[in-house]
Each structure stands twice: as structure tokens, then as C-alpha cells.
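# Close look at the chain arrangement
The residues making up each chain are set out below.
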Amino acid sequence: MTYFSALGNPLSGSGFPSTGVPGTTAWRALLALAVVFVLLATTGWTALRKHDMAAGPLAAAQAAWEKGSFGGHSLPDVDAPPRTIARFFSALDSAQRRTLAQRHPLVVGNLGGAPVKLRYKANHKALLQSRDTERHRMTDDRLTDEGRQEAGRRMHRFESMLQPGRQILAFDPTGRGRAAEVFGDLDQAQRVSVVVPGVDTDLLTFERSSRPYSAPVGMARSLQRQQHATAPYVRTATVAWADYTAPVGLGVDAASGGPARDGADRLDSFVRSLPATSRGSAPKVSLFCHSYGSVVCGVGAGRMPRAVSDIAVAGSPGMRVDNAQQLGTNAHVWAMRDRDDWIADVPHMNVGGLGHGADPVAGGFGSRHLSAAGANGHTGYFVPHTQSLANFAAIGTGSYGDVGCVTSDPECSSVT
């Protein structure tokens, strides 16, 4: 999350102290209003307006699906429950499934309840088509130089996502784009970890060559490796879940709950679509929510299925509640923040819908306070050989006895 990173403390030099803010309600309200003013002055009042996104490739593909049929029967609604989708595909033979995925790759690749491996194949086909589209746009004289350069960056991203062995579970090239990738065997997993990233996440930032552990792919890959090292006998899978429209940079969207509400709806649908274990039960799910991703997890916590056993947040600006009890979940709630993370300087409150509420690592919030030793700033929580990553892996594998807590939190190590 970066909506204050460019400014550091946005109130420095404004007459407000950067640390040690008095605890009175009036002072906190005044401080928050000053933050609102800074945001509006920086981004413009028009940032409050909602902009409609133009229909893109996925919407067009879904329209064709809705008008289509297969074997003389109508195709299921794209918004049908995962169980309905699963029943539809179970009635088809393998050849029919492949045919449907070839005809409607973007739809099948994003269809919760469709067989996981079929979704991988469908998204591979959709990525091939999208790569070729962007390659053509790279030489399109009707585009500006900037437009052609953007096409080149997208083309190279899609080529990377097409590399052998990659398991793309969701892909939408519309606008800034959305995606999800799986590490491990999702069909066989007893425990599934879901990495929910924050601001500025899109297809171009889905993975990074430099600072790889600051991007969803690097975060999830690192977590899956650490989980295997922590508990090799536990069948795990980790998902880099960037399948929501995250806010862009510094702005009102990043300080509001609108994107989080849409993201929470999508996250809930995703968790409910996860395949059952070999014994027919839902896998245990742990959510690892970074920065604005913790806002998404906070908004969605109360509606998540009971399969969600843990919600762990790192570098959180708040979860849009005053305390963990208000999340309305039976999941264990964990929180960590590195001592050098600039997010600590963001006022943890909510005024007029801006701001995300109480600090999850504060003593009165009610979360279990994890050590983030070695994390080094706002984007270092998934870096190998850090206590933060080791703690995430212990949670993701259910190895609660290995969790490293902040010594001042006696409740942290009580989970069994």
C-alpha cells in the first residue's frame, strides 16, 4: 500500500506532531480531517466520483457464453454457485470439457466450480490470445508511443505467465487486469493459503523481477516454499490472489472502503469455490492480507465460510472495525508490523468513510501480535529467512506451536 509513501507523514510541517499524538477524541478527529484534506488536495475532488469501466474482453466472452449452448443445453449462468458449475462439468466427459474450454477460454478460466486443471488450460489459451493481441498493438500506428509501450509491457507479462508449469487460476485482461496463480496442488491440498495484496496491484505488478517478494507472485511462491520446509507432511497450496480491482496509488480510493467491498465479495466467492479435499471436506483456508489487502479481508471476514481458520494481516492501515470482535469471524486473527513500516504513521481511524479504523497491532484491538523480525519495511514480510515469513508458514500449516509472538502478547501462543 502506498497512499502515504510519497509523503511520509502527510501532516509534517502542518502544525500536527508526527508522533505521540494526544489520545483525545477531538484531537484524533482533527488529525483525520487534516489527512482527508491532504488526500483531496492531492488527488482532486473529482476522485470521489465513480467512473464506469468500459466493457472488456471478459464481459464480451461472458455475453457470448450466455447466448451459447452445448450439446443442445443452455450453459450455466456465470454467476451460478460453484456447486451448480461443478455439477454441470461433472456431467461432461473429458473431451467435452476440453472443447468447451477451447471455445470459451476466458469464461471457463474464471468459472468458480469448474475443474481446476481445466481452468489452467483455459487460461493458457486466453493468455495466448491476449499476448497476440498486445503484440499486434505494439506496432499499431493508431496508438500513441505510450500506448505501444504499454502494449509491449503487457505482452511481456503475458509471455511470462505462459511459461511451462505456471498454474493460472484466474485471468482477466480488461483494463488494468486481474489474475490469480496457484503454487502447489490445489486439488489435493489439506490447507490453502491465500495471499491478498494491496494498492497498485494489477497485471503489470502481479510479479516483479526486482524486489520479487513485494509482488503477489513472489509473496505466494515464497510462502509455499516456507510452508513445505515448515511442515513437509502437510499438503498445502498457496494462491497469489490478485483477482480484485485494487486502488491506484495515493488517492481517496486507497483511503476508502469501496474497492475493499468489491474485493471482499470476490474473495468470498473464491474461497467458496475451492475444491474439496480427497475426503470430500473443504480445506482449511488461511488468508494472508498485506496492506490494503487487510482492508479487503476485514470487510469480508464476517461472511467467510467456516473453512477460513486464520486471518493474518501485515502492514495494515486498519480493517474498518474498532476491534477484532467486530470482524464477526471465528477465525484466529493475527497481526504484525515491522518497526520500520511507514504505515504506522497513518492515523488509524475512520472519519466520513475515509480511513480504515483501529490499528490491528494495538493492544486493545484483540488480534494475536506476531513478530515481524527481519521484515525490513512495508514490503518485506514475505522475504525468505525472516520471522514474519516463518510465522505465516506456521499459521498456514497449522503449526501453531512454532508461531513467534511479540513477548508482550500472552494470548498469541495460546492457539492450538
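Rules used throughout
Residues numbered from 1 in each chain as written. Predicted model: local features only at pLDDT ≥ 70, side-chain atom pairs only at ≥ 80, totals over all residues. Heavy atoms only, no water. Helix = DSSP H or I, 4+ residues; strand = E, 2+ residues; numbered from the N terminus. Expected span 1.5 Å × (residues − 1). Buried < 20%, exposed > 50% of the residue type's maximum accessible area, 1.4 Å probe, protein only. Arc of directions from axis to C-beta. Contact = heavy atoms within 4.5 Å. Right-handed = clockwise from strand over helix to strand, strands pointing away. Pairing = 2+ DSSP bridges. Axes fitted to C-alpha atoms, helices over the stretch in contact; angles between N-to-C directions. 1 Å grid on protein atoms, 1.4 Å probe; cavity = no way out; pocket = protein on both sides within 12 Å on 5 of 7 lines; lining within 4 Å. Points joined across faces, edges and corners; volume = space filled by probe spheres on them. Nonpolar A, V, L, I, M, F, W, Y, C, P; charged D, E, K, R; others polar.

For helix 10 (residues 258-272), with 15 residues, the first-to-last C-alpha span of 22 Å sits near the 21 Å given by 1.5 Å per residue. Taken residue by residue, helix 10 has Pro 259, Ala 260, Gly 263, Ala 264, Leu 267, Asp 268, Phe 270 and Val 271 as its buried positions. Looking straight down helix 10, one finds that the buried residues subtend no more than 160 degrees of arc, so they occupy a single side.

Another point: helix 6 (residues 116-137). With 22 residues, helix 6 extends 31 Å between its outermost C-alpha atoms, agreeing within 8% with the 32 Å of an ideal straight helix rising 1.5 Å per residue. In this fold, the buried residues of helix 6 make contact with helix 3 (82-90), helix 4 (94-103), helix 5 (105-109), helix 7 (145-161), strand 3 (167-172) and strand 4 (178-184).

A few words on the pairing of strand 8 (residues 308-314). For strand 8, the tally of buried residues reaches 7 of 7 residues, placing the bulk of the element in the interior. In this region the chain leaves strand 7 (residues 284-290), passes through helix 11 (residues 292-300) and returns to the parallel neighbour strand 8; the handedness of that crossover is right-handed. Across 5 bridges, the pairing between strand 8 and strand 9 (residues 332-336) is parallel. Within strand 9, the residue paired with Ala 312 across the bridge is Trp 334.

Now for the sheet that holds strand 3. Taken in spatial order, the 8 strands make up an open sheet running 3-4-6-5-7-8-9-10, and their pairing is mixed. With partners counted over all chains shown, the strands left at the sheet margins are strand 3 and strand 10 (368-369), one partner each. Of the strand pairs in this sheet, strand 3 and strand 4 are connected by 5 bridges, and their pairing is antiparallel. By the bridge assignment, Gln 167 is partnered in strand 4 with Val 182. Of the strands in this sheet, strand 5 (191-196), strand 7 and strand 8 are in contact with helix 11, which crosses strand 7 at around 135 degrees.

Here the focus is the layout of surface pockets. The space that makes up the second largest pocket amounts to roughly 290 Å³. Taken together, Pro 81, Pro 82, Arg 83, Val 271, Arg 272, Leu 274, Ala 282, Pro 283, Val 285, Pro 305, Arg 306 and Ala 307 form the lining of the second largest pocket. Listed by contribution, the elements that provide at least two residues to the lining of the second largest pocket are helix 3 and helix 10. Partitioning the lining of the second largest pocket into residue classes produces 9 nonpolar, no polar and 3 charged.

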